[in-house]
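# Structural overview
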Amino acid sequence: MNMRITGTGFLKQAEAAGRLRQVLPEACVLCDPEDTRPYECDGLSAYRALPGIVALPENEAQVCHVLRVCRELGVPVVARGAGTGLSGGALPLSDGVLLSLAKMKRILAVDPVARTARVQPGVRNLAITEAAAPYGLYYAPDPSSQIACSIGGNVAENAGGVHCLKYGLTVHNVMRVRAVTIDGEAVEFGSEALDAPGYDLLALVTGSEGMLAVTTEITVKLVPRPETAQVILAAFDDIERAGAAVAAMIAEGIIPAGLEMMDQAATRAVEEYVQAGYDLDAAALLLCESDGTPEEVGAEIARMTELLRREGAYDFRVSQSEAERLKFWSGRKAAFSAMGRISPDYYCMDGTIPRKRLAEMLRFIAAMEKKYGLRCPNVFHAGDGNLHPLILFDANDPDELRRTEAFAGEVLEKCIEVGGTVTGEHGVGIEKINQMCLQFSPAELEQFRAVKRAFDPKELLNPGKNIPTLHRCAEFGRMQVRGGNVPFPGLERF
Amino acid sequence: MSESLKSFADAIRTAAAGKRPLRLRGGGSKDFYGQVIAGEPLDTRGYAGVIAYEPTELVVTAKCGTALAGLESTLRENGQMLAFEPPHYAPPGEGGATVGGMLAAGLAGPRRASAGAVRDFVLGVTLMDARGETLRFGGTVMKNVAGYDLSRLMAGSMGTLGLVLDVSLKVLPLPAAEATLRFEMPEDKAIETLNRWAGRPLPISASAYTGGELHVRLSGAPPALDSARRRLGGERLDDEQARRFWSGIREHTDDFFRTESQLWRLSLPSATPPLGLQGAQLIEWGGALRWLATGADARTLREAARRAGGHATLFRGGTEEERRSAGVFHPLEPALAKLHRDLKASFDPEGIFNRGRMYPDF
């Protein structure tokens, strides 16, 4: 899939590199394939492209310079954080600049009184929590990749985590984003107050996959670490009953700090890997966490236990220590890496559906396993209906890859059909771009593009990601049909 | 398509063809907010009702003209609420606030600092655009990152981007119990105390400070409230007194808001020390929101807010001329102002929706 840059492309690359080096140190502009190879993909490694140039700015002024050069030369530019994204949002372009924010990784300030941290985009998610810990504070969103993923990438993807039902997504926990537009100008979205004048551009740039501006500084909200937390590990002999228990919990007025489900296939894979003490005979396991003051947690755990018993859980264990709580969680947190051990490759989906459709969705996935002859363990953020079915396959077998893609496509389309979305927290990137044609009408896609052009008229920032062109949708050949109107009748069919 | 939707689409297409502005309006309870504008009124109240409400999904979808009071009572019957406590500002006997107006104004009440703002609870919208076409953004699920988040963008956009036909909102369970505590202390101490408490795991859901008195509301499970009360001290208000007090803060019916002066809203980093500005002050949101009834001039107030890292809005009062010359909303930096204009044009190229309600040039 990689292309060697030749002819006019080569001249442009040389010119761009020369211009970048006028401001960036020599070592911060990479052109040699040997140096640029590590940037050829993000966490979605099935898609690769060697970037034309890798720029590693050390400060905001250098970011401004990179963007100005790209705009002047008409070179597309893809921003990248830690490269842990799962949707190919940071997939480079062979004729473009890959703008890595990895060198901008300083925590600029932690303010324990205002409960904020001001950080550069390359700071790791977990590093913020570590810096806030001495003050009894932490940064709430905790994606599974939090050891490695960067806060800049979290903003670009509106990352979630296992505690977002109660504590919110990135968009709920970021107060201010300073970013550079394609004009090379720094602007601020949001503020360190609780709102800012004008449109809520902070909400707009959060989750915009690096297509509107490049983040250079972020102020996040820190919240007090709960005094204590306990988790219930509940076993069900029927996965649909586990799903019903989740709905019953919400109906009861309980918002657990975390509410996660794993099916038997997932449980067995992780148990072998981390020995979390999971019941291997259970059809489904629920992890149900309560946090707060000891009195609050005691009362809530009692309510939850009673409810889970009523809803048919046949076994429960309540963590009796912090070590045990972490052990119960360890399996869930290691689910993805555990799949890597039992299968050469796995493909992680990220649809969100209304909780009440969970059982239907699980039956559908089971049917797809048979249809495509592939295994698909499930882990999901049950509390907010966000599914992560993991299709196990071998990428070296072209037919397995093809079947995996078809399998995933059907599951994503089912998510849309039941009133959900193709991506809850991993982003569209390049991976789900075709399904966007099904989730949105041509007029809606056009509005997205109009918003993009308001920020980036020449469409140089991360082009080709997130929002498909109508042409691409026509090529994909399956479009949303609402009210019997065939979309873009003027376009040639493929 | 319903009659109301047809009439909305007709009104929009006619306005766009003639480049004549429309003035979107629900119950008119927030007519005072924003710049005074011209334009053919488009009344949204004919398009009303809850489209879907499933308590176990924590989501409600309501049409723009739905009465906010009715929606809130439906939620209450099911033990749930709009956690951002939107103010209605509806005087008794007049048209009540609507869901569409609530979203457009984007204002949140006392629970804001602990629970979040309107935008934090928006999950999806249906928008009628400047061509009279219906567009859907977001949805009814808690997590959704497909495409740009254009639904949250509608919160606080003052109806300038299009006509929101319906909105899906995340709802939360009502707290099991609440208790309001009263303390006496000077302003600097109150700000310092509120910020210190916010850094601890305490179930504080609202705060208000004025005239030397600090009121703090606790919400949560009874055992958590008991332990917080033991830690914080203070004098507990009886429940009816507390309810009336917070309603007065939320709806601006408290004596503080009965003022002849201009009412300014200063949104600041919560730990900002006392600003020492002229006039009477009421502090909410743990120090992050400071209402000022004042005769001070706009420039002084805006400069003070800006230096502290915040912004100032001329919320109520002032003559039309004063509101125009000072600007209701804090002026934007040039690069941001340009993004606003371009964004507005991307939704509404002819400038027909509430033109000038937020800033004069769009």
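Along each chain, numbering runs from 1 in the same order as the chain's sequence is written. For naming, the first written chain is A and the first written ligand is 1, with later ones following in the order written. Selection of residues for local features in this predicted model requires a pLDDT of at least 70, selection of side-chain atom pairs for listing and counting requires 80 or more, and totals for whole chains, interfaces and linings are taken over all residues.

## Some words on the overall build of chain B
To keep it simple, the criterion reads: The helix and strand labels rest on DSSP assignments: H or I over at least four residues marks a helix, E over at least two residues marks a strand, and numbering proceeds from the N terminus. Remark: C-beta atoms are placed from the backbone, and a residue is labelled buried if 20 or more other C-beta atoms sit within 10 Å of its own, exposed if 12 or fewer do, or partly exposed between those counts. In this description, any two residues whose backbone-derived C-beta atoms lie within 7 Å of each other are considered to be in contact.
For chain B, the count of helices and strands is twelve helices and 17 strands. Principal-axis analysis of the C-alpha atoms gives chain B an extent of 65 × 50 × 40 Å. Counting all 362 residues of chain B, 54% fall into the buried class. A separation threshold of at least 6 residues defines the contact pool for chain B, and within that pool the share at least 24 residues apart is 68%.

## Focus: the overall build of chain A
The following threshold applies: C-alpha atoms define the radius of gyration in this analysis, and the globule rule sets the expected value at 2.2 Å times the number of residues to the power 0.38.
The helix and strand inventory of chain A stands at 18 helices and 18 strands. Whereas a compact globule of 494 residues would reach a radius of gyration of roughly 23 Å, chain A reaches 23 Å, a difference of no more than 12%. For chain A, the C-alpha atoms occupy an extent of roughly 70 × 55 × 45 Å along the three principal directions. A buried classification covers 56% of the 494 residues belonging to chain A. Looking at chain A alone, contacts between residues at least 24 apart form 70% of all its contacts between residues at least 6 apart.

## What about the interface of chain A and chain B?
Rules: Amino acids are sorted into nonpolar (Ala, Val, Leu, Ile, Met, Phe, Trp, Tyr, Cys and Pro), charged (Asp, Glu, Lys and Arg) and polar (every other residue, Gly among them).
Contacts between chain A and chain B engage 78 residues on the former and 65 residues on the latter. Sorting the residues of the side of chain A that touches chain B by element identifies α8 (201-205), α9 (239-251), α11 (294-310), α16 (433-439) and α17 (442-455) of chain A as the ones contributing at least two each. Tallying contributions element by element places α17(A) first for the side of chain A that touches chain B, with nine residues. When grouped by side-chain class, the residues that make up the side of chain A that touches chain B number 36 nonpolar, 25 polar and 17 charged.

## Re the nonpolar core
In plain terms, the rule: For our purposes the nonpolar core covers buried Ala, Val, Leu, Ile, Met, Phe, Trp, Tyr and Cys residues that link as a set through C-beta atoms within 7 Å.
A:Leu285 and A:Leu286 are the most contacted members of the largest nonpolar core, which has 241 residues in total. Looking at which element gives the most residues to this core, the answer is strand β12 (residues 228-236) of chain A, with seven residues. Among all residues touching A:Leu285, those that are not within four sequence positions of it are A:Leu233, A:Ala234, A:Ala235, A:Met261, A:Met262, A:Thr267, A:Tyr278 and A:Asp279. Residues B:Ala206, B:Leu218, B:Trp246 and B:Ile283 belong to the second largest nonpolar core, which totals 23 residues.

## Overview of the sheet that holds strand β14 (residues 262-267) of chain B
All names here are of chain B. Our working definition: At least two DSSP bridges between two strands are needed for those strands to be called paired. Inter-axis angles, ranging from 0 to 180 degrees, are taken between N-to-C directions of lines fitted to C-alpha atoms, where helices are fitted over the stretch in contact.
Read across the sheet, eight strands follow the order β13-β10-β12-β11-β15-β16-β14-β17 without closing on themselves; strand pairing throughout is antiparallel. A single partner strand is all that each edge strand has here, and the edge strands are β13 (235-236) and β17 (311-316). Sheet topology note: the strand β10 (residues 177-184)/β13 ladder contains two bridges and is antiparallel. Bridge assignment links Leu181 to a residue of β13, and that residue is Arg236. Together, β10 and β12 (213-220) form the strand contacts of helix α8 (residues 222-232), whose direction differs from that of β10 by roughly 10°.

## Focus on the domain arrangement of chain B
Residues and elements named next belong to chain B. Condition: Residue ranges for the domains trace back to a domain assignment, done automatically or taken from a database.
If you check the domain split of chain B, you get domain 1 (3-173), domain 2 (177-255) and domain 3 (259-326). Here domain 1 and domain 2 have C-alpha centroids that lie 30 Å from each other. With eight residues of domain 1 at the contact, the number on the domain 2 side is nine residues. Taken together, the residues that form the side of domain 1 that touches domain 2 break down as three nonpolar, three polar and two charged.

## Brief notes about the confidence of the model for chain A
Residues and elements named next belong to chain A. This is how it is decided: Think of pLDDT as the predictor's per-residue confidence, scored from 0 to 100.
Summary statistics for chain A give a mean pLDDT of 92 and a share of 94% for residues scoring 70 or more. Confidence drops under pLDDT 50 across residues 1-5; counting only partners more than four residues distant or on other chains, this segment forms eleven contacts. Taken as a whole, residues 483-494 scores under 50 in pLDDT and shows 16 contacts with residues more than four places along the chain or in a different chain.

## Some points on the environment of B:Tyr209
Residues and elements named next belong to chain B. As for its position among the elements, Tyr209 is in strand β11 (residues 204-210). Its 25 C-beta neighbours within 10 Å are what place Tyr209 among the buried residues. With near-sequence residues (within four places) excluded, Tyr209 lies in contact with Glu187, Ala190, Leu214 and Ile283.

## So, the domain arrangement of chain A
All names here are of chain A. Taken domain by domain, chain A comprises domain 1 (7-100), domain 2 (107-224), domain 3 (228-336) and domain 4 (343-431). Here the C-alpha centre of domain 4 lies 32 Å away from the C-alpha centre of domain 1. Contact with domain 1, which involves nine residues of that partner, is made by nine residues of domain 4. Taken together, the residues of the side of domain 1 that touches domain 4 break down into five nonpolar, four polar and no charged.

## Some thoughts on unusual backbone geometry
Residues and elements named next belong to chain B. The phi dihedral of Tyr89 is positive, around 55°, even though this residue is not glycine. Within the secondary structure layout, Tyr89 lies in the loop between β5 (80-81) and α3 (99-105). Phi is positive for Asn354, close to 40°, though the residue is something other than glycine. With respect to the helices and strands, Asn354 occurs in the segment after α12 (334-347). On the basis of neighbour count, Asn354 is assigned to the buried category, with 27 C-beta atoms found within 10 Å.

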